Amino acid sequence: MTNWEIVIGLETHAQLSTAAKIFSGASTAFGAAPNSQASAVDIALPGVLPVLNRGAVERAIRFGIAVGGTVNRRSVFARKNYFYPDLPKGYQISQFEIPVVAGGSVAIVSPTRGELRVRLTRAHLEEDAGKSLHEDFHGMSGIDLNRAGTPLLEIVSEPDLRSSDEAVAYAKTLHGLVRWIGICDGNMQEGSFRCDANVSVRPSGDADLGTRCEIKNLNSFRFMQDAIDYEARRQIELLEDGGTVVQETRLYDPDRRQTRSMRSKEDAQDYRYFPDPDLPPLVIDEAWIDHVRTAMPELPEAKRERYVALGVAADAATQLVGSRPMAEYFERTIEAGVDAKVAANWQVGELSATLHRLELDIERAPPIDGLLKRIADGTVSGKLAKEVLDAMFAGEGDADAIIAKRGLRQISDEGTLGKVVDEAIAANPGIVAEFRAGKEKAFNALVGKVMAASKGKANPAQVNAILKRKLGG
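The sections below set out a description of the structure shown in this document. (Residues numbered from 1 in each chain as written. Predicted model: local features only at pLDDT ≥ 70, side-chain atom pairs only at ≥ 80, totals over all residues. Heavy atoms only, no water.)

### Some remarks on unusual backbone geometry
Of note, the phi angle at Ala 44 is positive, near 60°, even though the residue is not glycine. Tracing the backbone through its elements, the reader meets Ala 44 in the loop between β1 (4-15) and α1 (54-66). A positive phi angle, close to 55°, is found at Arg 257, a residue other than glycine. (Helix = DSSP H or I, 4+ residues; strand = E, 2+ residues; numbered from the N terminus.)

### Concerning the packing of aromatic side chains
A full pass over the atoms with the stated rule returns seven aromatic pairs. Ring centres 5.9 Å apart and planes at 70° place the aromatic pair Tyr 82 and Tyr 271 in the edge-to-face group. Taken together, the residues Tyr 82 in the loop between β4 (78-81) and β5 (91-94) and Tyr 271 in the loop between β15 (258-264) and β16 (274-275) connect sequence positions 189 residues apart. Owing to a relative accessible area of 27%, Tyr 82 belongs among the partly exposed residues under this scheme. Note on Phe 435 and Phe 443: the rings are 5.6 Å apart at their centroids and 45° apart in plane angle, and the pair reads as tilted. The exposure class assigned to Phe 435 is buried, which follows from its relative accessible area of 11%. (Phe/Tyr/Trp six-rings, centres within 6.5 Å; stacked < 30°, edge-to-face > 60°. Buried < 20%, exposed > 50% of the residue type's maximum accessible area, 1.4 Å probe, protein only.)

### Structural notes on the sheet that holds β5
Taking strand neighbours across the sheet as the criterion, the three strands line up as β5-β4-β16 in an open arrangement whose pairing is antiparallel. Here the strands that pair on one side only, and so sit at the sheet edges, are β5 and β16. Taken together, the four bridges between β4 and β5 define a ladder with antiparallel strand orientation. Bridge assignment links Arg 79 to a residue of β5, and that residue is Ile 93. (Pairing = 2+ DSSP bridges.)

### Side note on the pairing of β15
Two elements, strand β14 (residues 248-253) and β15, share six bridges in a ladder whose sense is antiparallel. In the sheet register, Arg 250 faces β15, and the bridge partner there is Ser 261. What sits between the antiparallel neighbours β14 and β15 is a turn of four residues, in which Arg 257 has the positive phi angle 55°.

### Some words on the pattern of salt bridges
For the coordinates displayed, the defined rule picks out 35 salt bridges. With a shortest N-O distance of 3.1 Å, Arg 357 and Asp 390 are connected by a salt bridge. Here the residue Arg 357 occupies a position in helix α8 (residues 340-358), and Asp 390 occupies one in helix α10 (residues 382-393), the gap between them amounting to 33 residues. Taking the relative accessible area as the measure of exposure, Arg 357 reaches 51% and is therefore exposed. Connected via shared salt-bridge partners are Glu 231, Arg 234, Glu 248 and Arg 250. (Salt bridge = Lys/Arg side-chain N within 4 Å of Asp/Glu carboxyl O.)

### Section: the pairing of strand β13 (residues 213-218)
Both strand β12 (residues 193-203) and β13 contribute to a ladder of four bridges, which runs antiparallel. Its bridge partner lying in β13, Asn 198 is registered against Glu 214. Relative to β14, β13 runs parallel, the two being bridged by four bridges. For Cys 213, the partnering residue across the bridge sits in β14 and is Glu 248.

### Some remarks on the environment of Arg 260
Looking at the element boundaries, Arg 260 is found in strand β15. When the C-alpha atoms of Arg 260 and Glu 231 are compared, they prove to be 9.3 Å apart, with 29 residues separating the residues in sequence. Setting aside its immediate chain neighbours within four residues, Arg 260 contacts Thr 249, Arg 250, Leu 251 and Asp 253. (Contact = heavy atoms within 4.5 Å.)

### Some points on the nonpolar core
The biggest cluster of nonpolar side chains holds 103 residues, and the ones touching the most others in it are Phe 63, Leu 125, Leu 153, Ile 155 and Tyr 170. No other element matches the nine residues that helix α2 (residues 164-180) contributes to this core. With residues near it in sequence (within four places) discarded, Leu 125 still touches Leu 16, Ile 22, Ala 56, Val 57, Ala 60, Phe 77, Ser 94, Gln 95, Val 100, Leu 152, Leu 153 and Leu 282. In terms of nonpolar packing, the next biggest core, distinct from the first, is built from 19 residues, Ala 424, Ile 431, Ala 442 and Phe 443 among them. (Core = buried A, V, L, I, M, F, W, Y, C linked by side-chain atoms within 4.5 Å.)

Following this line, the structure appears as structure tokens:
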């Protein structure tokens, strides 16, 4: 594959977090009985008219501001005509020529190209279709129209991605952003965040784009990576064997980890777009945009830069802004007086590892500012602090209570430590001889002996200093 370049663009459907659908008052709640949330408007019964949900528009404006795009002051809804069983209208209301958001970009970190910006073509409002159900029926399919009319923001990237790793990095960044600004819950299992990948290949150094195939059914980041890698290999092998790539829509089969042909890829003219006669142009004035901008939270990119300025390592800062709850937890810790670098290292290190092991979200984590203060003032060692953290998760109380209850207070008394060091030197003459013979590792072994004798309670820095003094440097 070294002679080929992969070119990827993503189309992402983010379900907007409104309580009602985009053109009706029907509920968008997940999990209702089939067809119990499909109103007359959603299925276009004769005589009904759509009314645009202001909350959906406001969320689109929020996204446009977040990505630095242009929020078009005037945009138009169109009918996208096609026949499918789960589309009872025979058309989908979407935006075509003039979307609500044009341009913008998303910053990602590529594992091979470093920091880069992925350009966005557009983000437009549209309604979702229903859902075909195949599993529960024999020889036929069922149709659930609960999703029909659910508000979506379709976010289309330029073909700026060059590997499945970059595609996943972009998708994860976008997933975090829509959750951060509160426009989508990001639940991929429930279909709230769905990605289609447009994949093509071209000879390395070639400026012309190859024929693309669109891959659907990518409802996890792992499936996205597998599907793109398989599709790229398929296209390359086809071209190297003298074949041609046909523009088409393909489905990803997670069981076989393969893509398979679904239908020929439609072009815009196939959908016969025309302005929806029931919906006037959407007009957004400056006052509305200013109102949304004022209510926006500090964005991840700005927050990350601020954390780096506080002394946090760049990679740790990136992890901290992975979600708003992560960032808010960190900020509560430093607001309590903990050094930012120390707080960041513990949160992305020991705390995150513990959360992963216990399968908990950051919202379930106990505050660690008290524990980090006890490490800083020498009350407890870093090693024993991990035991304290586990006890905090087990509900045994705060750090001070656990340290007192378990007798984990660090030994910092010079006299007491001196006696423990003397005993360790006397009990390990062989290790002492090795150290005096020039073997530096023997010194670490002696430190370990002292720490073991003190059951991990000895102040490591003092142990090192006392040992060096007693062994003559």
